Amino acid sequence: MVYRAFNFYAGPATLPTEVLETAQAELLNYKGTGISILEISHRSKEYDAVINDATSLVHEVFGVPEEYKVLWLQGGASTQFYMVPANILLPGKGADFVNTGVWAKKAIKEAKLYGDVNVVASSEDRNFCYIPKDLKFNQDASYVHIASNNTIFGTQWQTYPDTGEVPLVCDMSSDIMSRELDVKKFGMIFAGAQKNMGPAGVTLVIVREDLMERTPEDLPTMMKYKTHADKNSMFNTPSCFAIYISKMVLEWLKSNGGVAGIEARNREKGAMIYDAIDNSNGFYKGHADPDSRSLMNVTFRLPTEELEAQCVQDGLARGLVGLKGHRSVGGMRASIYNAMTVQGVKTLCEFLKEFQESHQ
Ligand SMILES: *Cc1c(COP(=O)(O)O)cnc(C)c1O
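Residues numbered from 1 in each chain as written. Predicted model: local features only at pLDDT ≥ 70, side-chain atom pairs only at ≥ 80, totals over all residues. Heavy atoms only, no water.

**Digging into the sheet that holds strand S11 (residues 285-286)**
- The three strands lie next to each other as S11-S12-S14, forming an open sheet whose pairing is antiparallel. Two strands bound the open sheet, and with one partner strand each, they are S11 and strand S14 (332-335).
- The sheet contact formed by strand S12 (residues 297-301) and S14 spans four bridges and is antiparallel. In the sheet register, phenylalanine 300 faces S14, and the bridge partner there is methionine 332. (Pairing = 2+ DSSP bridges. Helix = DSSP H or I, 4+ residues; strand = E, 2+ residues; numbered from the N terminus.)

Printed below as a string of structure tokens:
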């Protein structure tokens, strides 16, 4: 068997080995065509099946109702930071944001180019270690924007806020399809694929049809959601390969108990590693408040920066890759997305215990 490390990188991130094996096996001769999926026309019937299957799987696996369009766009989640306000921020009406970290801040910056931004709450006072509570939104806002999971700080909304009639727009780049939810509570959901759903290069956008009616006529064609919705995400050449891999990740998800099945596994993994941190007598200290902890990115510190560097290095020697934390938090970060196995987290926990025993 080919050696596969346990990959804890925050993104691009680990993918199911089965998916990579299928991609490898099909790479030179895609389903008898004698050409690679990398070479095939996006107008061919074979590719049409790929993108249609990917879209149907999103509807099926994630429970996306018919009144929402599923789009496969380029430019990453960061492009959605300006595409969302460009399309759905109504004239004279601002948008509400909750500032929970770097990704929310970047979205706020872009939205300001299009209208008034009202930051209703922020957790910046304690370096974004919690999700604000008791929020009050403007009932006449164009929409409310939140980042579901804060990849860098390791916090995650445990339940989504009720925004009444105001559409909720959610950046789910780092926790899409990691837990069950009611898509009807959202006006829009978007996610760069490269953390939980596929490779870099494609962004999943789920948008309620009525919101696309808000788009001003004078927006450039490529910036309008409707352009892509009307053409099945093939107005221009899509990210063919990234969509193909994402489709296989969705198939993998479906055959592993769907979102409910993966959620149970994610909860099991999260409990294992947070228990390891909580039972370390303070050797490991979590960054996030316990009631805001992320099941996707676990951020923690050690007593000194030297120990942190040593721990990252020793982990690497054990086949545990990508554990260095983001510079704005420091310390360590274990990203344990859908495709991270229970065995991977178990191995990490054993390693952390041994490291503590030999260094405290
Ligand atoms: C990684 C990430 C982004 C940025 O995604 P790009 O596809 O690189 O633009 C945005 N939001 C969240 C929550 C992320 O985790």
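There is more to say, and it comes next.
**Overview of the domain arrangement of the chain**
- Taken domain by domain, the chain consists of domain 1 (17-255) and domain 2 (257-359).
- Centre-to-centre, using C-alpha coordinates, domain 1 lies 27 Å away from domain 2.
- Residue-level contacts link 30 residues of domain 1 with 27 residues of domain 2.
- Across the domain 1/domain 2 interface, buried area totals approximately 2300 Å², and carbon plus sulfur atoms make up 49% of it.
- Area buried by domain 1 at its contact with domain 2 is led by Ile152, Gly154 and Trp252, which between them contribute 20% of it.
- Inspection of the region where domain 1 meets domain 2 yields two salt bridges.
- Here aspartate 291 ties to lysine 133 by a salt bridge, and the two come within 2.9 Å at their closest N and O atoms.
- Where domain 1 packs against domain 2, one counts 19 residue pairs in polar contact (both at pLDDT 80 or more).
- Mapped by element, the contributors of at least two residues to the side of domain 1 that touches domain 2 are helix H2 (45-62), strand S7 (155-156) and helix H6 (240-255).
- Here the side of domain 1 that touches domain 2 takes four residues from H6, the largest share from any one element. (Domains from an automatic or database assignment. Contact = heavy atoms within 4.5 Å. Buried area = accessible area lost by both parts, 1.4 Å probe. Salt bridge = Lys/Arg side-chain N within 4 Å of Asp/Glu carboxyl O. Polar contact = N/O pair within 3.5 Å; in protein donor to acceptor, adjacent residues only side chain to side chain.)

**Some words on the environment of proline 85**
- Mapped onto the elements, proline 85 comes out in helix H3 (residues 76-88).
- For proline 85, a relative accessible area of 3% translates into the label buried.
- Between the alpha carbons of proline 85 and alanine 111 there is a distance of 5.5 Å; along the sequence they are 26 residues apart.
- Once residues lying within four places of it in the same chain are set aside, the contact partners of proline 85 are Gln80, Ala111, Tyr114 and Tyr143. (Buried < 20%, exposed > 50% of the residue type's maximum accessible area, 1.4 Å probe, protein only.)

**Some words on the nonpolar core**
- Grouped together as the largest cluster of nonpolar side chains are 56 residues, with contacts concentrated most on Phe62, Trp72, Met177 and Ile206.
- The element that contributes the greatest number of residues to this core is H6, accounting for 10 residues.
- Among the domains, domain 1 (17-255) and domain 2 (257-359) are the pair contributing at least three residues each to this core.
- Beyond its immediate sequence surroundings of up to four residues, tryptophan 72 is in contact with Ile51, Ala54, Thr55, Val58, Met197, Val202, Thr203, Leu204, Ser233, Ile243, Ser246 and Leu250. (Core = buried A, V, L, I, M, F, W, Y, C linked by side-chain atoms within 4.5 Å.)

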